[in-house]
Amino acid sequence: MKQSVVLAACAAMMLTSCTNNTYRVSGEAPEGVEYVYYTSNFFDDDPQIDSVAVSDGRFVIEGDGSTPVIVAATLDNNTQFWFVSEPGNIVIDSLSLPSGTPQNDAIAQFFKDAQEAESIDDLRTSVEAFMQQHTNDLAGAFAMFMAAQPLGLDHTAKILNGCGDVVKDIVYKAIPQEQFDAAAAAAQAVEATSEGQMFTDFGVEYDGTVQKLSDYVGRGKYVLVDFWASWCGPCRAEIPTIIELYNKYAGDKFTVLGVATWDKPEDTKNAIEELGIKYPQIMNAQKVGSDAYGIQGIPQIILFGPDGTILKRDLRGEDMVKAVEEALKG
């Protein structure tokens, strides 16, 4: 009798232990959706996809939560959601946010706070506050993965320095170290070529001739330098305004220079003809100029003073016109 009671108690303990390690994810699926596909090793080199069928408009994913991981899931209408496979009942709401367990509640809060951010500075403040509470858990790893691109990899790396291995391991799997290194180099280049700094020279060889930025900048004129490419729509949109400035002010005090960036020379030449560009160009610069100035997106339009001092960066449209006209009045 006593032996039966002991065996029954052990069986109950085993059942309870097993149940406590199970996660259950449930949610509603839009009409017409038949399957949910998910992977519980999303950040590994060889992710394996599994699926569950939708029944009566609902889906349920169950599994072993004894070693929680970040799971990416997609409904077959391409709606995506994420969750941490920690033990408990997890609900995916109509906004594709998880809730019901500590890590999943944190992920939902992260998304809500991020959506309220009105600027990059607000987002950075929000992420930094969140990461102070999640320096070494899966919610923190997920937050850093999602925020890395909008924050910028250089700023992301600074936050990661204060994080534990759980966060670092996942982020560095998702974003190769080489990308962080490139972002750090770009940030250093931006700082070295910020407003008020003296220009950084670079040279490009094309068609047997070497052209340098210093052939134009630092020679007694204000110089508006446009880093651009033929395939870049925003670049092409700025060029009519740049041409107007060149036609109106080019002379002893002012000139314009184009730097063909990340572009094929033949495409650059075609665009020069199509757009009616008359000002000089440094052809086939590729990454030489952009690396020197930490440029990660084009157009990048910079106004240099007569002695080569960088007066303004990130100029566009009316701000560009205003910067040139104010400089020439001085």
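Structural data are supplied above this passage.
Residues numbered from 1 in each chain as written. Predicted model: local features only at pLDDT ≥ 70, side-chain atom pairs only at ≥ 80, totals over all residues. Heavy atoms only, no water.

1. Points about the sheet that holds strand 5 (residues 70–75)
Right, on to step 1. Read from one edge of the open sheet, four strands run 3-2-5-6, paired in antiparallel fashion. The sheet is open, and its two borders are formed by strand 3 (50–53) and strand 6 (80–84), each paired with just one other strand. The average angle at which neighbouring strand axes cross in this sheet is 25°, direction not considered.
Right, on to step 2. The pairing of strand 5 with strand 6 spans five bridges and is classified as antiparallel. Looking at the pairing, Ala73 lines up with Phe81 of strand 6. (Pairing = 2+ DSSP bridges. Helix = DSSP H or I, 4+ residues; strand = E, 2+ residues; numbered from the N terminus. Axes fitted to C-alpha atoms, helices over the stretch in contact; angles between N-to-C directions.)

2. Comments concerning helix 3 (residues 120–133)
Right, on to step 1. Taking 1.5 Å of rise per residue, the 14 residues of helix 3 would be expected to cover 20 Å, and the 20 Å separating its terminal C-alpha atoms lies within 8% of that figure.
Right, on to step 2. Looking only at helix 3, the buried set comprises Leu123, Ser126, Val127, Phe130 and Met131. The buried side chains of helix 3 occupy one side of the element, clustering within an arc of 130° when seen end-on. In helix 3, the exposed positions that point more than 90 degrees away from the buried face belong to Asp121, Thr125 and Gln132.
Right, on to step 3. Considering only its buried residues, helix 3 is in contact with helix 2 (102–116), helix 4 (138–151), helix 5 (153–160) and helix 6 (165–174). (Expected span 1.5 Å × (residues − 1). Buried < 20%, exposed > 50% of the residue type's maximum accessible area, 1.4 Å probe, protein only. Arc of directions from axis to C-beta. Contact = heavy atoms within 4.5 Å.)

3. Side note on the packing of helix 4 against helix 6
Helices that pack against each other are described as a pair by the angle of their axes relative to one another and the distance between those axes.
Right, on to step 1. Two numbers describe how helix 4 lies on helix 6: the axes approach to 8 Å, and their chain directions differ by 35°. Two packed elements cross with a definite hand, and for helix 4 against helix 6 that hand is right-handed. From helix 4, Leu138, Gly140, Ala141, Met144 and Phe145 reach across to helix 6, where they touch Val166, Val167, Ile170, Val171 and Ala174.
Right, on to step 2. Counted by class, the contact of helix 4 with helix 6 contains nine nonpolar, one polar and no charged residues. (Left-handed = near helix turned anticlockwise from the far one by under 90°. Nonpolar A, V, L, I, M, F, W, Y, C, P; charged D, E, K, R; others polar.)

4. So, the nonpolar core
Right, on to step 1. In this structure, Phe202, Leu213, Leu224, Val225, Phe227, Tyr293 and Phe304 are the most contacted members of the largest nonpolar core, which totals 45 residues.
Right, on to step 2. In contact with Tyr293, not counting residues within four places along its chain, are Ala189, Val190, Thr193, Phe199, Thr200, Phe202, Leu213, Phe227, Ile302, Phe304, Ile310 and Arg313.
Right, on to step 3. One finds Trp82, Val127, Met131 and Ala139 within the second-largest nonpolar core, a separate group that totals 34 residues. (Core = buried A, V, L, I, M, F, W, Y, C linked by side-chain atoms within 4.5 Å.)

5. Brief notes about a nonpolar patch on the surface
Right, on to step 1. Together, Tyr35, Tyr37 and Ile49 line one region of the surface with nonpolar side chains, adding up to about 310 Å² of accessible area.
Right, on to step 2. Within the secondary structure layout, Ile49 lies in the loop between strand 2 (35–39) and strand 3. (Patch = residues over 30% accessible without salt bridge, like charges linked within 9 Å, V, L, I, M, F, W, Y side chains within 5 Å. Areas by Shrake-Rupley, 256 points an atom, 1.4 Å probe, with all protein chains shown as cover. Salt bridge = Lys/Arg side-chain N within 4 Å of Asp/Glu carboxyl O.)

6. Description of the sheet that holds strand 11 (residues 222–228)
Right, on to step 1. Reading across from one edge, 13-12-11-14-15 is the order of the five strands in this open sheet, with mixed pairing throughout. The open sheet is flanked by strand 13 (281–282) and strand 15 (310–312), the only strands paired with a single partner.
Right, on to step 2. Pairing of strand 11 with strand 14 (residues 300–304) involves five bridges; the strand directions are antiparallel. Within the sheet, the bridge partner assigned to Phe227 lies in strand 14 and is Gln300.
Right, on to step 3. Of the strands in this sheet, strand 11, strand 12 (254–260) and strand 13 touch helix 9 (residues 265–275), which is tilted by about 120° from strand 11.

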